[in-house]
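Residue-level structural notes
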Amino acid sequence: LREVDGIPIESLEHALKFVTEDPRFDYSLSKKLKETCDIVADKFGVDENVTLKNPVTNKKVTRRLQFRLYDILKAILVSEPDTYDVVIDS
């Protein structure tokens, strides 16, 4: 949602005010907005198709992997930092 009647929507609060208070925002507009958001949502995110080299056949294969936000966050939390700590004792 970018603008209403030529007036740009500049914040989430402004968009929320329009959605909750403007009588023109009815079921049909809500449905159209959801359909548009669903189309846009398909264009963003992690591509679930991953191409890897099969070590047995030595050929590239494409597999569909499910990426879950929980798994990604857990991997970040348990991974070792790749930075160095420099400590000077005096």
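The structure under discussion appears in the preceding block.
Right, let's walk through the structure included here. (Residues numbered from 1 in each chain as written. Predicted model: local features only at pLDDT ≥ 70, side-chain atom pairs only at ≥ 80, totals over all residues. Heavy atoms only, no water.)

**Topic: the overall build of the protein chain**
- Helix and strand counts for the protein chain come out as three helices and four strands.
- For the protein chain, the proportion of its 90 residues judged to be buried stands at 8%.
- Of the contacts formed within the protein chain by residues at least 6 apart in sequence, a portion of 0% connects residues at least 24 apart.
- Roughly 9,000 Å² of accessible area belongs to the protein chain as shown, and the carbon and sulfur atoms make up 57% of that amount. (Helix = DSSP H or I, 4+ residues; strand = E, 2+ residues; numbered from the N terminus. Buried < 20%, exposed > 50% of the residue type's maximum accessible area, 1.4 Å probe, protein only. Contact = heavy atoms within 4.5 Å. Areas by Shrake-Rupley, 256 points an atom, 1.4 Å probe, with all protein chains shown as cover.)

**Here's the deal with the pairing of strand β4 (residues 60–64)**
- Sheet analysis places strand β3 (residues 49–53) next to β4, joined by five bridges and oriented antiparallel. Across the sheet, the residue bridging to N49 is R64, located in β4.
- Linking β3 back to β4 in an antiparallel pair, the connection comprises six residues, with N58 at a positive phi of about 65 degrees. (Pairing = 2+ DSSP bridges.)

**A short note on unusual backbone geometry**
- Positive phi outside glycine occurs at N58, with the angle close to 65 degrees.
- Checked against the element boundaries, N58 lands in the loop between β3 and β4.
- Residue N58 is classed as exposed on the basis of its relative accessible area of 53%.

**Thoughts on the nonpolar core**
- Counting five residues, the largest nonpolar core is built from V4, I9, A15, F18 and F25.
- Setting aside chain neighbours within four positions, we find F25 in contact with F18, V19, S30 and L33. (Core = buried A, V, L, I, M, F, W, Y, C linked by side-chain atoms within 4.5 Å.)

**Structural notes on the environment of T51**
- With respect to the element layout, T51 can be found in strand β3.
- Of the residues examined, T51 reaches a relative accessible area of 49% and is grouped as partly exposed.
- Along the primary structure T51 and R64 are separated by 13 residues, whereas in three dimensions their C-alpha atoms are 8.8 Å apart.
- Among all residues touching T51, those that are not within four sequence positions of it are K60, V61 and T62.
- Of the polar contacts made by the side chain of T51, one reaches the side chain of T62; its length is 3.1 Å. (Polar contact = N/O pair within 3.5 Å; in protein donor to acceptor, adjacent residues only side chain to side chain.)

Geometric values such as these leave the question of function open.
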